[in-house]
Amino acid sequence: MFKKAELWGKVEIEFMYWESYSHQKIKKIVFDALEQNLDYREKPVLGLPASYLDTEVFYNDAPFLKDAPFLSALIANPNHIGCHTLNESEAAFEGTHKIEKELIDLCAKQIFEGGDEEFDGYVASGGTEANIQAIWILKRYFEVEFNAKPNEIGVVFSEDAHYSMPKACNLLSLKSYVSKVDDTTRRVTKSSIETCVENAKRDGIKHFIVIMNMSTTMFGSVDNINEITGWLDDLRANYMVHIDGAFGGYIYPFATENLDYTFQNPKINSFTLDGHKMLQSPYGTGIYLTRKGFMDYALTEEANYVKGKDYTLVGSRSGANAIAVWMIMRTYGSDGWKAKIKQLLSKTDRLCGNLDERGVEYFRNPKMNIVTIRGKYVSTSLAKKYMLVPDSHGSDVKWWKIVVMDHVRQGVIDSFLSDLDAELKPF
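Model, not experiment: these values are computed from the prediction.

K.L.:
Describe the overall build of the protein, with residues and values.
P.N.:
A count of helices and strands for the protein gives eleven helices and 13 strands. Taking 2.2 N^0.38 as the reference for a compact globule, 427 residues should give roughly 22 Å; the C-alpha atoms of the protein span a radius of gyration of 23 Å, in line with that estimate. When its C-alpha atoms are laid out on the principal axes, the protein stretches across 75 × 55 × 45 Å. Residues classed as buried in the protein amount to 55% of the 427 residues present. Contacts in the protein between residues far apart in sequence, at least 24 positions, make up 70% of those at least 6 positions apart. For the protein, the exposed surface amounts to about 19700 Å²; the carbon and sulfur share of it is 51%. On the protein, the mean spot of the 49 positive side-chain charges and the mean spot of the 58 negative ones are 3 Å from each other.

Dropping the structure here:
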């Protein structure tokens, strides 16, 4: 399901491609999968601590359900505990497990150019959980493979990284080292990476979990992975890289042919992406992807009553959410999704052109749909009217963020620019 071959080093790769399915085909696949799952109404079930949703509230004979595969999956309530790319899972839900397995394959191989390599992963509750899962797995990797103690493992991330990084460090008792970024370019500075590594080694750190951003939450900035890993190599650091693409995962790979942020880059071990941002899937649809073999470091041996054991942070999770992400990707197909991203980026280009004409300072990665304006150009009242997001909810706001999504109509942008003009007169 790939097309158009190119070269990455000595490895031949092909650009992403997956087929668009009709609504009828999607319905058939989902309903067939639900038919393969356990039906509590028909089977003599005594041992499973779960059931269909309460029929007094979530009745399953509503006529519209026959044309609504996602809602039908919600009511069927399949449990997707475990990691279905690994081994045998709970037989009661094997039908919908197959859909999640295909989804992981689509994301790893088609979006992140995984080629013929095998990958593991699962649909998490969001980007935060997926990032914590990644750091947990890499912590265990260093502990198992290098006999490292927790106080010998450090986590490096930039000051623009998501707050899930310090949260993970706190939960896992790992020391964090935060690199500085240039205030204008949002690029991680070489001197700050050197300082992080020097301070870490002084603290007894021997192994590094390095988080890089494929779109930061506030700025949409993308870390220069080759530059940063080059610095780390020069410093002789023993490190593993996880990519936080919670926001950028469903836009950046479709806006660039650069393969630095794909599995073709051997420096990268894992990715986070988030369906409930750009993909507009229901909340609770973060995705964790990793190279084959690393999921084993999160095996919970004690989960003996779970078929196939459990490898995830969350345990039981909604199978309907995995189906929702799969449905969206299969509805658009790769060509349809690229067209949608192109349209959003074109709208973002137009907004930036208007800001340039007005001399307004902002940051924007040209492959992203986030525009972050210097605070001095936007009053609090204007920001409140258009629900712009500040870099801090304190009194000293340095930046205001705009995210160009489907709901951001051109008329709303034009109205914002008109109101902005009234405030720019003193400038």
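Moving on from the coordinates now.
K.L.:
A description of the pairing of strand β3 (residues 119-124) should follow, citing residues and the corresponding values.
P.N.:
Counting buried residues along β3, six of its six residues qualify, which places the element largely inside the surrounding structure. Taken together, the six bridges between β3 and strand β9 (residues 286-291) define a ladder with antiparallel strand orientation. Across the sheet, D120 pairs through a bridge with T290, a residue of β9.

K.L.:
Describe the packing of aromatic side chains, listing the residues and the values that go with them.
P.N.:
For the coordinates displayed, the defined rule picks out 19 aromatic pairs. Each ring, one from W18 and one from F254, has its centre 6.0 Å from the other, and the planes form 80 degrees; the classification is edge-to-face. With a gap of 236 residues between them, W18 in the loop between β2 (11-15) and α1 (23-36) and F254 in helix α8 (residues 252-255) connect regions that are remote in the sequence. Judged on exposure class, the residue W18 and its partner F254 are both buried. Residues F112 and F271 carry aromatic rings whose centres are separated by 4.0 Å and whose planes lie at 15 degrees to one another, so their mutual orientation is stacked. Within this pair, whereas F112 is found in the loop between α3 (94-111) and β3, its partner F271 is found in strand β8 (residues 268-274), the two being separated by 159 residues in sequence. Taking relative accessible area as the criterion, F271 reaches 0% and is therefore assigned buried. An aromatic cluster is defined as three or more aromatic residues linked by ring pairs; in this entry it consists of Y141, F142, F146, F294 and Y297. Above the ring of Y21, the side-chain terminus of K25 is found at 4.1 Å from the ring centroid.

K.L.:
Tell me about the sheet that holds strand β4 (residues 153-158), and please be specific about residues and values.
P.N.:
Strands sit in the order β3-β9-β8-β7-β6-β4-β5 across an open sheet of seven strands; the sheet is mixed. Unpaired on one side and paired on the other, β3 and β5 (175-179) mark the two borders of the sheet. Between one strand and the next, the sheet's axes are offset by a mean angle of 20 degrees, whatever the strand orientation. As judged from the six bridges shared by strand β6 (residues 207-213) and strand β7 (residues 239-245), these two strands associate in the parallel manner.

K.L.:
Any chance you could break down the sheet that holds strand β12 (residues 389-390) for me, citing the residues and the numbers?
P.N.:
Within the open sheet, the four strands sit side by side as β10-β11-β13-β12. Their pairing is antiparallel. At either end of the open sheet lies a strand with only one pairing partner, and these are β10 (362-363) and β12. In terms of strand pairing, β10 meets strand β11 (residues 370-374) through two bridges, oriented antiparallel. Across the sheet, Y362 pairs through a bridge with I373, a residue of β11. Of the strands in this sheet, β10, β11 and β13 (399-403) touch helix α9 (residues 319-357), which is tilted by about 20 degrees from β11.

K.L.:
Could you give me a rundown of the pattern of salt bridges, with the residues and numbers involved?
P.N.:
For the structure on display, the rule yields 24 salt bridges. Here R41 ties to D39 by a salt bridge, and the two come within 4.0 Å at their closest N and O atoms. The exposure class assigned to D39 is partly exposed, which follows from its relative accessible area of 28%. Between R186 and D183 there is a salt bridge, with the nearest N and O atoms lying 3.2 Å from each other. We classify D183 as partly exposed; its relative accessible area is 39%.

K.L.:
Tell me what's going on with α3, and back it up with residues and numbers.
P.N.:
When the terminal C-alpha atoms of α3 are compared, their 25 Å separation across 18 residues agrees well with the 26 Å that a helix rising 1.5 Å per residue should span. Burial runs high along α3: 13 of the 18 residues are buried. At the C-terminal side of α3, E113 shows a positive phi close to 50 degrees.

K.L.:
Lay out the pairing of β5 in plain terms, naming residues and giving numbers.
P.N.:
The side chains of a regular strand alternate between both faces of the sheet. In the sheet, β4 pairs with β5 via five bridges, with the strands oriented parallel. If you follow V156 over to β5, its bridge partner there is Y177.

Reading the values: rules and limits
- Residues numbered from 1 in each chain as written.
- Predicted model: local features only at pLDDT ≥ 70, side-chain atom pairs only at ≥ 80, totals over all residues.
- Heavy atoms only, no water.
- Helix = DSSP H or I, 4+ residues; strand = E, 2+ residues; numbered from the N terminus.
- Rg over C-alpha atoms; globule rule 2.2 N^0.38 Å.
- Buried < 20%, exposed > 50% of the residue type's maximum accessible area, 1.4 Å probe, protein only.
- Contact = heavy atoms within 4.5 Å.
- Areas by Shrake-Rupley, 256 points an atom, 1.4 Å probe, with all protein chains shown as cover.
- Lys, Arg positive; Asp, Glu negative; His and termini not counted.
- Charge placed at Lys NZ, Arg CZ, Asp CG, Glu CD.
- Pairing = 2+ DSSP bridges.
- Phe/Tyr/Trp six-rings, centres within 6.5 Å; stacked < 30°, edge-to-face > 60°.
- Lys NZ or Arg CZ within 6 Å of the ring centre and 35° of its normal.
- Axes fitted to C-alpha atoms, helices over the stretch in contact; angles between N-to-C directions.
- Salt bridge = Lys/Arg side-chain N within 4 Å of Asp/Glu carboxyl O.
- Expected span 1.5 Å × (residues − 1).

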